[in-house]
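Given next are the chains, with one letter for each unit.
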Amino acid sequence: MSNLNDKITKVATHVSQNEDLIFEKSSPGKKAYRLPPLDVPDVDERALLGAEYVREDLGNMPEVSEIEIIRHFTRMSTWNYAVDYGMYPLGSCTMKYNARINEVVARLDGIAGAHPYQPEKLSQGNLRIMKMLADQLVEITGMDSITLQPAAGAHGEMTGILLIRAYLESQGNPRKKILIPDSAHGTNPATAAICGYQVENLKSNSAGLTDIPSLVAQMNEDVAALMLTNPNTLGVFEQEIHKIADILHEKGGQLYMDGANMNALVGKTRPGDFGVDVMHLNLHKTFSTPHGGGGPGSGPVAIKKHLEPFLPKPVVVANSDGTLRLDYDRPKSIGRVRMYFGNFGMHVRALAYIMANGPDGLRLTTEDAVLNANYIRKKLAGIYDLPYSTPSMHEVVFSDRNQARKGIKTGDIAKRLIDYGFHPYTTSFPLIVPGALMIEPTESESKEELDQFIEAMKAVAEEAENNPEIIAGAPYNTRVSRMDETAAARKPILRWKPKAKSAAE
Ligand SMILES: *Cc1c(COP(=O)(O)O)cnc(C)c1O
């Protein structure tokens, strides 16, 4: 336990609970900057911009010194958790380490300083980066072509389903329905609905896999596509994926694969080889680009040949002399889904990751991700209930059945885990497992870190058995404990606003 206690987050260093003292540090006249003397003519901004674009009163904008602003943000960063701090086993999210080599490359002048309107002649290097990444991802997925434009996984899903719609429309009928398994991520039904399709639920069998007889019964000429995650959200590989693809294709439907779980497949098997027509990748999961607050996402969509004419434009293509250009002349394109070329900085990082690892490194990464998940599964099975015995790939899903007998639920265990210095796993997902604990360690973790996590999970299970009250109040070592999660979702406060000037000022 001594190791564990050392790891307990020390985030609650002395900080007042008075929000005004924490956030309102401003006093008039303080500055955190010093500007050189003006070396251009001093003009009136009203004359320059037009008075209608210039505000008279900005309210009380904060005025702080340099050390105050540095401490403010540094301190707030310690109230949060990061993959640079410790293990972040948030299942389905693949919170792997963002290697610093990616950042070194992304900061090179010609890359970081490039302008999206730079002429093609001066952008050959950056066009080549996009082309190389596209080629690598096509190779990894076994698909025929790809667009790098979408800015997130869910955005990729929308792009992919729009491609399917455009293709089916060109055949004369866009169809009405999309089949979605009960184990799917919530973005899948949302995508189908936003693209104008009815969602039809497809049930899983007792092994946690797509129920083939149900699929056969539900598949008909009204179904545009099946959206399948593989391995699915139970971390289980769809063993009959070829058969599933055949059932879809026989009735003219398309197989969409949610590729969020590609960290279990890279270098081992390719969706293009097992019948997938369209899939998205999450560069911010599988390909080590920052996730969430660390940067924008990127969700490229890979496709088979028959969907190529519909890809978003522009597409990077090669001229006969080997130079590259952007092709806008694509009459069947679904159009643009993102300004410029998508989140280019993320393309650079993903390519750096792929090249730094190479084919053997990527394969080893997959093997280590699967090994780590199975190590946790083996060490915690029995202590935590394992609802499906089907072999795990890169993540393992337990349930809180054993702990629920004492009134301790998956959310409580997750909160207590924070006191032990770990980010929680994913709670209550997938929905087909009541009280799910979804754990994805990724390949980034050493055996020592995994052992500490396992020790912490065991310690929490022990507390659930013998001292459940302590768990109900957790976490204790964070600046805020249990939040009103409903209010946080329904009435979020997303930005600081200056207080109105008082009459005295
Ligand atoms: C993360 C995830 C998504 C959505 O990706 P975002 O980049 O968050 O939009 C979709 N499906 C699955 C299975 C995921 O894990």
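Conventions used here
Residues numbered from 1 in each chain as written. Predicted model: local features only at pLDDT ≥ 70, side-chain atom pairs only at ≥ 80, totals over all residues. Heavy atoms only, no water. UniProt positions renumbered as here; feature names shortened; annotations may be inferred. Salt bridge = Lys/Arg side-chain N within 4 Å of Asp/Glu carboxyl O. Helix = DSSP H or I, 4+ residues; strand = E, 2+ residues; numbered from the N terminus. Domains from an automatic or database assignment. Pairing = 2+ DSSP bridges. Contact = heavy atoms within 4.5 Å. Axes fitted to C-alpha atoms, helices over the stretch in contact; angles between N-to-C directions. Polar contact = N/O pair within 3.5 Å; in protein donor to acceptor, adjacent residues only side chain to side chain. Buried < 20%, exposed > 50% of the residue type's maximum accessible area, 1.4 Å probe, protein only. Right-handed = clockwise from strand over helix to strand, strands pointing away. pLDDT = per-residue confidence, 0-100.

Within an unreviewed UniProt entry, the label attached to the protein reads Probable glycine dehydrogenase (decarboxylating) subunit 2, and the organism entered is Koribacter versatilis. Regarding the protein, the UniProt comment filed under Catalytic activity (unreviewed entry) reads as follows: "N(6)-[(R)-lipoyl]-L-lysyl-[glycine-cleavage complex H protein] + glycine + H(+) = N(6)-[(R)-S(8)-aminomethyldihydrolipoyl]-L-lysyl-[glycine-cleavage complex H protein] + CO2". UniProt's Sequence similarities (unreviewed entry) comment on the protein is quoted here verbatim: "Belongs to the GcvP family. C-terminal subunit subfamily."

Undergrad: Tell me about the pattern of salt bridges, and name the residues and values.
TA: Tallied over the entire structure, the rule returns 26 salt bridges. Of the charged contacts, one joins Asp-412 and Arg-482 as a salt bridge, the two residues approaching to 2.9 Å between their closest N and O atoms. With Asp-412 in helix α14 (residues 410-419) and Arg-482 in the loop between α16 (468-472) and α17 (485-490), the pair connects residues that are 70 residues apart, well separated along the chain. The partner of Glu-485 in a salt bridge is Lys-415, with the nearest N and O atoms 3.0 Å apart. Pair noted here: Glu-485 is in helix α17 and Lys-415 is in helix α14, with a separation of 70 residues, a long-range link.

Undergrad: Could you give an account of the UniProt feature "domain: Glycine dehydrogenase C-terminal" (unreviewed entry) in the protein, with specific residues and numbers?
TA: Residues given the UniProt feature "domain: Glycine dehydrogenase C-terminal" (unreviewed entry) here are residues 366-466. The span residues 366-466 is 49% helical and 10% strand by assignment, and the distance between its end C-alpha atoms comes to 38 Å.

Undergrad: Mind laying out the domain arrangement of the protein, listing which residues take part and the relevant values?
TA: The domains assigned to the protein are domain 1 (2-79), domain 2 (114-356) and domain 3 (362-490). Between the C-alpha centres of domain 1 and domain 2 there is a distance of 41 Å.

Undergrad: Account for the sheet that holds strand β12 (residues 436-439), with residues named and values stated.
TA: Across the sheet, which stays open at both edges, the three strands sit in the order β10-β12-β11 with antiparallel pairing between neighbours. The open sheet has two free edges, formed respectively by β10 (396-399) and β11 (426-427), since each of these has just one partner strand. Examined bridge by bridge, β11 and β12 share two bridges and lie antiparallel to one another. Paired with Thr-426 across the two strands is Met-438, which belongs to β12. Packed on one face of the sheet, helix α12 (residues 344-380) meets β10 and β12 and runs near 25° to β10.

Undergrad: Give a description of the side chain of Thr-94 that names residues and reports values.
TA: When you line up the elements, Thr-94 lands in the loop between α4 (66-78) and α5 (100-106). In terms of polar contacts, Thr-94 uses its side chain to reach the side chain of Glu-440, at 2.6 Å. Other than its neighbours up to four places away in sequence, Thr-94 contacts Ala-260, Asn-263, His-284, Lys-285, Thr-286, His-291, Glu-440 and Thr-442.

Undergrad: Summarise the pairing of strand β5 (residues 254-258); cite the residues concerned and give the values.
TA: Along any regular strand the residues' side chains alternate between the sheet's two faces. Burial analysis of β5 places five of its five residues in the buried class, the great majority of the element. Note that strand β4 (residues 223-229) and β5 share five bridges and pair parallel. Looking across to β5, one finds that Ala-225 is bridged to Gln-254. Between the parallel pair β4 and β5, the chain is carried across by helix α11 (residues 241-250), and the sense of this crossover is right-handed.

Undergrad: Break down the confidence of the model for the protein for me, citing the residues and quoting the values.
TA: The predicted model of the protein has a mean per-residue pLDDT of 93, with 95% of residues at 70 or higher. Under a pLDDT of 50 for its full length, residues 5-13 has, in the predicted model, 25 contacts with residues more than four places off or in other chains.

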